[in-house]
Amino acid sequence: MLNSGHANHLNTSVYRGRVLLSMTRVTGSRSVAISTKTKRWQLLFLSVLAVMFLFSARATADAIDDILPGHWYEVPNSNLTSVLPDPLPPGTPSAIIDAWSGGAYDTNGNRLIVWGGGHADYGGNEIYTFDINTLSWSRVWGPSPDIPRPGSCNETYADGNPVSRHTYDGLEYIPGTDRFWIHGGSLYCGNGDAGVDTREFDFDALSWSRKADVVSGGWMELEAVSAFDAATGHVFLASPTLALHEYDPIDDQWVQRSNSGIGYGMVAAIDPRRRMF
């Protein structure tokens, strides 16, 4: 579940490939025909109904603006299957989300970014976005060609692009550079080994680049958690075996910030008021 940063605290969630937004339920517009023989009171009643339906139509068009706390709205026609590649890479595409994968929120483009799969679940490494303005999915990149079935563990496919993986909480969006940032995860391979790589995706060039390793020589562990800090423009990362580290995406450098890591099955966020991870 991600927060878009709007004043109304729009929450975006994906369940079984469909997008859920925390908003009020609205009804669609309807037409009202008025006969020339309609009585005055009937005409008044139908006029009131027409006004109600007009407001209902506006509410449907501006559904996001009408969000109320504690309400959810399932966006119509928001199933991810509508933009899947054809032919499909090996595996089950529902694992893009279901198989321990996360997402990031593009605060510049106002869209949810989803990237996942991995281990023996799904080999496709394509990137998907859900546009909050149009309420629609897009496949903005990928997949790599000729993806094999799970075998030996490598961090990239034959074309040099990163393999799919269980992404856990290792995805972030860097607004200052307009980059999608990923770290580690359970690689698409027979053993599902942990990746040690940090990478960024450039939405303009539509290309991936390898960044500095968090620890010299790499490290092996799953379920890392990360959080973007808007105050510094940096990313903070920790795992059950990795102490808290801070990453500078401009200088491409890591700095250790503590001597301890975190537990399994967690996610992370930055508290901007208390300045806490």
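Bear in mind that the values here come from a model prediction, so they are computed numbers and not experimental data.

Conventions used here
Residues numbered from 1 in each chain as written. Predicted model: local features only at pLDDT ≥ 70, side-chain atom pairs only at ≥ 80, totals over all residues. Heavy atoms only, no water. Salt bridge = Lys/Arg side-chain N within 4 Å of Asp/Glu carboxyl O. Buried < 20%, exposed > 50% of the residue type's maximum accessible area, 1.4 Å probe, protein only. pLDDT = per-residue confidence, 0-100. Contact = heavy atoms within 4.5 Å. Helix = DSSP H or I, 4+ residues; strand = E, 2+ residues; numbered from the N terminus. Pairing = 2+ DSSP bridges. Disulfide = S-S within 2.5 Å. Core = buried A, V, L, I, M, F, W, Y, C linked by side-chain atoms within 4.5 Å. Axes fitted to C-alpha atoms, helices over the stretch in contact; angles between N-to-C directions. Phe/Tyr/Trp six-rings, centres within 6.5 Å; stacked < 30°, edge-to-face > 60°.

Asks: How do you make sense of the pattern of salt bridges when you look at a structure like this?
Replies: If the charged atoms of two oppositely charged side chains come close together, the side chains can form a pair. A complete count under the given rule lists ten salt bridges for this structure. Among the ionic pairs, R111 bridges to D106, the shortest N-O distance being 2.8 Å. Exposure remark for R111: the relative accessible area of 17% places this residue in the buried category. Looking at D106, the relative accessible area reads 2%, which means it is buried.

Asks: Hey, could you run me through the confidence of the model for the chain in this one?
Replies: Where the model shows low pLDDT, its predicted coordinates should not be examined in detail. Considering every residue of the chain, the mean pLDDT works out to 84; 76% of them sit at 70 or more. Segment residues 1–7 is flagged for pLDDT under 50; beyond a separation of four residues in sequence, or across chains, it makes 18 contacts in the model. Predicted confidence for residues 23–61 stays below pLDDT 50, and this span has 32 contacts to residues more than four positions away or in other chains.

Asks: Sorry, what's going on with the pairing of strand β10 (residues 171–174) here?
Replies: Judged by which residues are buried, β10 turns out to be covered on both faces: L171 and Y173 on one side and E172 and I174 on the other are all buried. Relative to strand β11 (residues 179–183), β10 runs antiparallel, the two sharing four bridges. By the bridge assignment, I174 is partnered in β11 with R179. What sits between β10 and β11 in their antiparallel hairpin is a turn of four residues, with D178 showing a positive phi close to 55°.

Asks: Please explain unusual backbone geometry as it appears in this structure.
Replies: Following D86, the chain continues to P87 via a peptide bond in cis, the omega torsion being 10°. Along the chain, P87 falls in the loop between β4 (73–74) and α2 (95–98). With a phi close to 55°, N110 is a non-glycine residue in the positive phi region. Its relative accessible area of 13% is what places N110 among the buried residues. The phi torsion at L206 lies on the positive side, around 55°, for a residue other than glycine. With relative accessibility at 42%, the residue L206 sits in the partly exposed group.

Asks: What is the right way to read the state of the cysteines from this model?
Replies: What is meant by a disulfide is a covalent connection between two cysteines, made through their sulfur atoms. Tallied over the entire structure, the rule returns one disulfide. Through a disulfide, C153 is tied to C189; the S-S separation comes to 2.0 Å. Here C153 and C189 share a disulfide; its torsion about the S-S bond, 80°, makes the bridge right-handed. On the criterion of sequence distance, the pair formed by C153 in the loop between β8 (136–141) and β9 (165–166) and C189 in the loop between β12 (186–187) and β13 (198–202) is long-range, its members being 36 residues apart. For C153, a relative accessible area of 24% corresponds to the partly exposed category. Judged by its relative accessible area of 0%, C189 falls in the buried class.

Asks: Would you explain the nonpolar core in this entry?
Replies: Nonpolar side chains tend toward joint burial in soluble globular proteins. Judged by nonpolar contacts, the single largest core of 20 residues is most densely connected at L80, I96, V114, Y128, F130 and W137. Among the elements of the structure, α2, β6 (111–114) and β7 (127–131) are those that each provide at least two residues to this core. When residues of this core are assigned to their parent elements, the largest contribution, three residues, is made by α2. Listed in part, the twelve residues of the second largest apolar core include W115, Y173, F201 and W208.

Asks: Looking at this structure, I do not really get the sheet that holds β6. What am I missing?
Replies: Within a beta sheet, neighbouring strands are joined by backbone hydrogen bonds and run either parallel or antiparallel to one another. Pairing in this open sheet of four strands is antiparallel, and the strands run β5-β6-β7-β8 from one edge to the other. Of all strands in the sheet, those with a lone pairing partner are β5 (103–106) and β8, marking the two edges. Ignoring strand direction, the axes of neighbouring strands in this sheet form an average angle of 25°. Relative to β8, β7 runs antiparallel, the two being bridged by five bridges. Counted as the bridge partner of T129 is S138 from β8.

Asks: Sorry, what's going on with the pairing of β11 here?
Replies: Moving residue by residue along a regular strand, the side chains alternate between the two faces of the sheet. β11 sits mainly inside the fold: four of its five residues count as buried. The pairing of β11 with β13 spans five bridges and is antiparallel. Looking across to β13, one finds that F180 is bridged to F201.

Asks: Got a minute to help me understand the packing of aromatic side chains in this structure?
Replies: The way to describe two aromatic rings as a pair is by their centre distance and the angle between their planes. One pass over the full model with this rule turns up eleven aromatic pairs. Measuring from ring centre to ring centre gives 6.2 Å for F180 and W208, while their planes differ by 55°; the resulting arrangement is tilted. Here W208 lies in strand β14 (residues 207–210) and F180 lies in strand β11, a separation of 28 residues in the sequence. Neither F180 nor W208 differs from the other in exposure class; each is buried. Centre to centre, the rings of Y247 and W254 are 4.8 Å apart; their planes meet at 45°, and the pair counts as tilted. Comparing Y247 with W254 shows no difference in burial state: the two are buried. Among the aromatic residues, those joined into a cluster by ring pairs are W115, W141, F180, F201, F203 and W208.

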